[in-house]
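Each chain, written out:
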Amino acid sequence: MRSYNSPDTAVKYLQPEQPVILYRPHALKRATEFFMSRFRGKILYAVKTNPDEHVLRDLYAAGVRYFDVASLHEVGLVHGLFPEAELYFMHPVKSRNAIREAYFTYGVRHFSLDSHDELEKIVAETKQPDGRNADDLALHVRLAIPNTYAELALTEKFGIALEQAPALLKAVRAAAAHAGVCFHVGSQCMHPDAYKLAIKLAKQVIKQAAVKIDSFDVGGGFPSIYPGMTPPAMGDFFRAIHDATRDLVKQHRCELLCEPGRALVAESGAVVVRVEARKGNHLYINDGTYGSLFDAGTPRFLFPCRLVSRKESSDELAGFSFFGPTCDSLDTMKGPFFLPADIKEGDYIEVGQLGAYGRTMATRFNGFSLASRVVAVKDEPLMSLYSPQPALAEPLEIAYQATA
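Residues numbered from 1 in each chain as written. Predicted model: local features only at pLDDT ≥ 70, side-chain atom pairs only at ≥ 80, totals over all residues. Heavy atoms only, no water.

1. Here we look at the confidence of the model for the chain
So, point 1. Across the chain, the average pLDDT comes to 91, with 94% of residues at or above 70.
So, point 2. Counting interchain partners and residues more than four positions distant, the pLDDT-below-50 stretch residues 389-404 has 32 contacts. (pLDDT = per-residue confidence, 0-100. Contact = heavy atoms within 4.5 Å.)

2. Observations concerning the sheet that holds strand β3 (residues 42-46)
So, point 1. The 8 strands lie next to each other as β3-β4-β5-β6-β7-β9-β11-β12, forming a closed barrel whose pairing is parallel. Strand-to-strand twist in this sheet, taken as the mean axis angle between neighbours without regard to direction, amounts to 25°.
So, point 2. Both strand β5 (residues 86-89) and strand β6 (residues 110-113) contribute to a ladder of 2 bridges, which runs parallel. If you follow Tyr88 over to β6, its bridge partner there is His110. (Pairing = 2+ DSSP bridges. Helix = DSSP H or I, 4+ residues; strand = E, 2+ residues; numbered from the N terminus. Axes fitted to C-alpha atoms, helices over the stretch in contact; angles between N-to-C directions.)

3. Here we look at the side chain of His178
So, point 1. Mapped onto the elements of the fold, His178 is located in strand β9 (residues 178-182).
So, point 2. Within the local environment of His178, its side chain forms a polar contact with the side chain of Ser215, the two groups lying 2.9 Å apart.
So, point 3. Among residues more than four places away in sequence, those in contact with His178 are His110, Leu137, Ala138, Leu139, His140, Arg173, Asp214, Ser215 and Glu255. (Polar contact = N/O pair within 3.5 Å; in protein donor to acceptor, adjacent residues only side chain to side chain.)

4. Overview of the packing of aromatic side chains
So, point 1. By the definition in use, this model includes 21 aromatic pairs.
So, point 2. Ring geometry for Tyr195 against Phe222: centres 5.2 Å apart, planes inclined by 20°, an arrangement best described as stacked. Highlighted residues: Tyr195 in helix α8 (residues 193-209) and Phe222 in the loop between β11 (215-217) and α9 (234-252), separated in sequence by 27 residues.
So, point 3. Judged by its relative accessible area of 0%, Tyr195 is buried.
So, point 4. Looking at Phe222, the relative accessible area reads 2%, which means it is buried. (Phe/Tyr/Trp six-rings, centres within 6.5 Å; stacked < 30°, edge-to-face > 60°. Buried < 20%, exposed > 50% of the residue type's maximum accessible area, 1.4 Å probe, protein only.)

5. Comments concerning the packing of helix α2 (residues 25-38) against helix α3 (residues 53-61)
So, point 1. The interhelical angle for the contact between α2 and α3, taken along N-to-C directions, is 40°, at an axis separation of 10 Å. Relative to α3, the element α2 lies oblique. Like other packed secondary-structure pairs, α2 and α3 cross with a definite hand, here right-handed. Where α2 approaches α3, its residues Pro25, Leu28 and Thr32 are matched on the opposing element by Val55, Asp58 and Leu59. (Parallel < 35°, antiparallel > 145°, perpendicular 65-115°, else oblique. Left-handed = near helix turned anticlockwise from the far one by under 90°.)

6. Remarks on the nonpolar core
So, point 1. In this structure, Phe216, Val218 and Phe222 are the most contacted members of the largest nonpolar core, which totals 106 residues.
So, point 2. The dominant element in this core, judged by the number of residues it contributes, is α8, at 9 residues.
So, point 3. The residues contacting Phe216, other than those within four sequence positions of it, are Val181, Phe183, Ile199, Ala202, Ile206, Thr245, Leu248, Cys254, Glu255, Leu256 and Leu257. (Core = buried A, V, L, I, M, F, W, Y, C linked by side-chain atoms within 4.5 Å.)

7. Thoughts on the pairing of strand β4 (residues 66-69)
So, point 1. The pairing of β3 with β4 spans 3 bridges and is parallel. Counterpart to Ala46 in the pairing with β4 is Asp68.
So, point 2. With α3 bridging β3 and the parallel β4, this β-α-β connection has right-handed handedness.
So, point 3. Examined bridge by bridge, β4 and β5 share 4 bridges and lie parallel to one another. What sits directly across from Phe67, in β5, is Leu87.
So, point 4. Handedness of the crossover joining β4 and β5 through helix α4 (residues 72-81): right-handed. (Right-handed = clockwise from strand over helix to strand, strands pointing away.)

8. With respect to the pattern of salt bridges
So, point 1. A complete count under the given rule lists 27 salt bridges for this structure.
So, point 2. The residue Lys48 makes a salt bridge to Asp68 at a minimum N-O spacing of 3.8 Å. On the criterion of sequence distance, the pair formed by Lys48 in the loop between β3 and α3 and Asp68 in strand β4 is long-range, its members being 20 residues apart.
So, point 3. Connected through salt bridges with shared partners, the residues Asp8, Arg24, Arg306, Glu350 and Asp379 form a single ionic network. (Salt bridge = Lys/Arg side-chain N within 4 Å of Asp/Glu carboxyl O.)

9. Brief notes about the packing of α8 against α9
So, point 1. α9 packs onto α8 with a crossing angle of 15° between their chain directions and a minimal axis gap of 9 Å. On the basis of the axis angle, α8 is roughly parallel to α9. Two packed elements cross with a definite hand, and for α8 against α9 that hand is right-handed. In contact with Tyr195, Lys196, Ile199, Lys203 and Ile206 of α8, α9 contributes Phe237, Ala240, Ile241, Ala244, Thr245, Asp247, Leu248 and His252.
So, point 2. When the residues that make up the contact of α8 with α9 are grouped by side-chain class, the tally is 8 nonpolar, 2 polar and 3 charged. (Nonpolar A, V, L, I, M, F, W, Y, C, P; charged D, E, K, R; others polar.)

Right, dumping it as structure tokens:
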């Protein structure tokens with residue numbers, strides 16, 4: 001992987017025709033070390049957020065040894081890279097083949113579930129050759145928790161209703177060597193109180209079930225920072241979780257788990273796009289909602305933007321909307337994205353905070369190429385929860401090799 005000290009230098013050297021992914025390994029390392037040094041439990045990286053190999057290798061190098069995988073493909077990917085890593089298959093609904101392959105081929109023992117039917121599937125597909133039930137299963141009951149403070153709610157799709165959960169937890173305790181509870185407060189959670197509420201409700205389920213648990217998983221939802229979305233300090237989320245679980249962990253002597261994704265990788269990724277045309281305050285760019293910018297379209301996230309590789313530009317900023325390269329009218333990102341008022345065709349723009357769900361969501365619709373070229377840059381991300389204001393970098397080209 002080639003690396004430059006700044007996006008400006010990368011564009012100067014490459015003059016790219018296609019979008020280019022920017023990777024900031026120092027930003028990923030900084031966020032990971034923040035979690036590793038402050039969260040009092042196991043950190044399971046949510047692979048779906050960004051499964052790029054260089055990202056996974058750098059997370060592993062920073063100390064991550066547990067991975068939240070949501071498909072058999074992700075199971076195989078992570079196991080192939082890190083055979084000693086512990087995999088948690090935390091998708092609550094899995095095919096029978098996926099359960100069987102994960103257990104027997106890849107050694108997965110941790111599975112989440114949110115129904116008695118899923119419990120039956122897991123028990124049936126992990127039976128031993130002599131017909132005995134597996135005696136080493138670790139099963140995590142996924143609860144449906146209100147997603148009041150989240151930008152993207154997840155409750156309607158997964159999770160057992162709280163009034164039905166005690167019976168399922170009892171059944172899991174009887175079937176599994178390791179019984180746990182998990183939930184998800186929703187993606188891009190904007191307030192620590194969401195975890196306090198979820199933990200309170202989960203405690204009630206555990207009390208009603210009257211069983212001992214071995215793990216308590218507060219899930220994902222840990223936020224990043226975007227224009228118009230500045231969450232409280234990450235330490236506030238940790239304090240809320242630690243305070244709310246202290247008595248539970250002590251009583252059950254259980255492990256505390258979390259599943260961060262966005263908060264670890266968002267700042268480490270960005271994309272450089274080129275303006276192909278301007279019509280008033282509409283910019284036609286060579287990436288869009290069918291590429292790296294899905295979240296700018298349907299959920300309408302605002303991303304930080306910066307004009308790159310032009311020495312002089314207007315000090316006046318204007319709000320722009322983006323149109324992607326496809327012929328589909330859904331390929332629209334309303335913004336506003338603030339850029340110099342004199343931006344024009346041929347200019348390059350860095351769109352930040354795309355280390356989470358950037359290339360993961362990309363397609364080849366209309367035959368447009370994915371942003372496949374990745375370069376590392378040494379400057380600071382456009383926005384950060386973990387670092388001071390970005391500093392200007394010298395235009396010096398360097399070499400970077402993703403940590404093996």
